[in-house]
Amino acid sequence: MSQDRIIAVVGATGAQGSGLVRAILGDPAGGFKVRALTRDVNSDKARELAKMGAEVVAANVDDQESLTKAFNGAYGAFCVTFFWAHFSPDKEKANAKAMAQAAKEAGVRHVIWSTLEDTRKFMPLSDNRMPTLMDHYKVPHFDAKGEANAYFTDLDLPVTILNTSFYWDNFIYAGMGPQKGPDGKLAITMPMGDKKLPGISADDIGKCAYGIFKGGDKYIGKTIGISGEQLTGAQMAEELSKALGKEVVYNDIPPEVYRSFDFPGAEDVGNMFQFKRDFEQQFTAARKPETARALNPSLKSFRTWLAENKDKIPL
Ligand SMILES: NC(=O)c1ccc[n+]([C@@H]2O[C@H](COP(=O)([O-])OP(=O)(O)OC[C@H]3O[C@@H](n4cnc5c(N)ncnc54)[C@H](OP(=O)(O)O)[C@@H]3O)[C@@H](O)[C@H]2O)c1
């Protein structure tokens, strides 16, 4: 057991990281052990991870020294940022840079950087199809991550760039679940037209990351995109209807209407959906379910995810 290689997991109490923690702990013969990073080692979630068998250590992505300390002695590091905790692309980039530098200083041998596309490579700021946000971005929470890829590659880190997908968990936790419209019908609202939205169970992101660490060298220097299934809004509404036993319709609206919604980050999310709609072919091709399934054979389809989670969807 002492030969087991340590994987340090940023965001270990969160959606992506906890999936990786569970995947490592669930495979005791896999040759890895897990170091869970948290800001508060005494939180309920942190204690739960410790009880499950994880080494739990304090670290904050705002504090590079704490990251270097937490990465020391680790074979692998899973790096993720927390855009929705602060809504700041600058902060997200600074946090990514700190993780990359900490991984370099600690001599980590395999880094996974959980990221998303820089949409400005598809749609320059001068493109008026969607508004430029915060002066420098089209989709701030995508663009900052994509821009931050360079922090990892410029340091010549042994990195796998991991492009993730929309969590179906957003139907539970992010207020994106079915809501009653003026006609009394339950509807999911997304400005995706008839285009496919690649989605995934957040937990499967961690499981795929585990597959990448197990694959080792084969994935170092590679960019890998994952999704669980790629469905249109109408297809998701149909699956939701079946799972919930209640009719759910798909409410397709123009992106500009979505952007005008009254929740923090609505413009960013509206641009995100429009990007996924307008660049459907490139976006879906870059994150095929087959790729994810090869890393994680238990990858869930939307239907399987719904069967397990439908009761958690607030109606
Ligand atoms: N929602 C989606 O559909 C989706 C899809 C693809 C990508 N993403 C991206 O996923 C990222 C978030 O990942 P997630 O969903 O796994 O996060 P999450 O579930 O929100 O969890 C984040 C965890 O990270 C920790 N954390 C927060 N701030 C921290 C800090 N300053 N230093 C260290 N740890 C900190 C917290 O743990 P402690 O309290 O224990 O410290 C928290 O439990 C976002 O950047 C988002 O853009 C989201």
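### Details of the site of the ligand
What surrounds the ligand is a group of 25 residues, the closest being Thr13, Ala15, Thr38, Lys145 and Tyr167. Within the side chain of Arg39, an N or O atom sits 2.8 Å from an oxygen atom of the ligand. About the coverage of the ligand: the protein hides 81% of its 930 Å² of free accessible area. Split by residue class, the shell around the ligand holds 10 nonpolar, 11 polar and four charged.

### Structural notes on the sheet that holds strand 13 (residues 248-251)
Taken in spatial order, the three strands of this open sheet run 8-9-13, and their pairing is mixed. With one partner strand each, in any of the chains shown, strand 8 (179-180) and strand 13 form the two edges of the open sheet. Summarising the sheet, strand 8 and strand 9 (residues 186-189) pair through two bridges and their orientation is antiparallel. Paired with Lys180 across the strands is Leu186, a residue of strand 9. Helix 9 (residues 233-244) rests against strand 9 and strand 13 of the sheet, and its axis sits at about 160° to strand 13.

### Digging into the side chain of Thr232
By the secondary structure assignment, Thr232 is in strand 12 (residues 229-232). Thr232 has contacts with Asp194, Lys195 and Lys196, leaving out every residue within four places of it along the chain.

### Topic: the nonpolar core
Among the nonpolar cores identified, the biggest contains 58 residues, and Phe71 and Phe152 are the most heavily contacted of them. Counting residues per element, this core draws most heavily on helix 5 (residues 89-106), which supplies seven residues. Here Phe152 is in contact with Cys79, Ala96, Met99, Ala100, Val111, Trp113, Leu157 and Val159, once residues within four sequence places are set aside. Within the second largest apolar cluster, 34 residues are counted, among which are Phe142, Phe166, Leu240 and Phe302.

### Focus: the side chain of Asn163
Of note, Asn163 is situated in strand 6 (residues 159-163). For Asn163, a relative accessible area of 8% gives the class buried.

### Digging into the sheet that holds strand 11 (residues 223-225)
The strand order across the open sheet built from seven strands is 3-2-1-4-5-6-11, with neighbouring strands paired in parallel fashion. Two strands in the sheet have a free side with no partner beyond their single neighbour: strand 3 (55-58) and strand 11. Going across the sheet, the axis of each strand differs from the next one's by a mean of 20°, ignoring polarity. Pairing of strand 4 (residues 76-79) with strand 5 (residues 110-115) involves four bridges; the strand directions are parallel. The residue of strand 5 that forms the bridge with Cys79 is Trp113.

### Here's the deal with the pattern of salt bridges
Pairing between side chains of opposite charge can happen when their charged atoms approach one another. Inspection of the entire model under this criterion finds 17 salt bridges. One salt bridge connects Arg120 with Glu147, and the closest N-O pair in it is separated by 2.8 Å. Of the two residues, Arg120 sits in the loop between strand 5 and helix 6 (140-154) while Glu147 sits in helix 6, which places them 27 residues apart along the sequence. Asp194 is the partner of Lys195 in a salt bridge, and the nearest nitrogen-oxygen pair spans 3.3 Å. Among the residues examined, Lys195 registers a relative accessible area of 29% and is labelled partly exposed. Residue classification places Asp194 among the exposed positions, given a relative accessible area of 58%. Here the salt bridges share partners, and the residues they tie into one network are Lys93, Asp118, Arg120, Asp143 and Glu147.

### Some remarks on the pairing of strand 1 (residues 5-9)
For strand 1, the buried fraction is high: four of the five residues fall into the buried class. Handedness of the crossover joining strand 1 and strand 2 (residues 32-38) through helix 1 (residues 15-25): right-handed. Relative to strand 4, strand 1 runs parallel, the two being bridged by three bridges. Each bridged residue has a counterpart across the sheet, and for Ile7 the counterpart in strand 4 is Gly76.

Cut-offs applied
Residues numbered from 1 in each chain as written. Predicted model: local features only at pLDDT ≥ 70, side-chain atom pairs only at ≥ 80, totals over all residues. Heavy atoms only, no water. Near = heavy atom within 4 Å. Polar contact = N/O pair within 3.5 Å; in protein donor to acceptor, adjacent residues only side chain to side chain. Areas by Shrake-Rupley, 256 points an atom, 1.4 Å probe, with all protein chains shown as cover. Nonpolar A, V, L, I, M, F, W, Y, C, P; charged D, E, K, R; others polar. Pairing = 2+ DSSP bridges. Helix = DSSP H or I, 4+ residues; strand = E, 2+ residues; numbered from the N terminus. Contact = heavy atoms within 4.5 Å. Axes fitted to C-alpha atoms, helices over the stretch in contact; angles between N-to-C directions. Core = buried A, V, L, I, M, F, W, Y, C linked by side-chain atoms within 4.5 Å. Buried < 20%, exposed > 50% of the residue type's maximum accessible area, 1.4 Å probe, protein only. Salt bridge = Lys/Arg side-chain N within 4 Å of Asp/Glu carboxyl O. Right-handed = clockwise from strand over helix to strand, strands pointing away.

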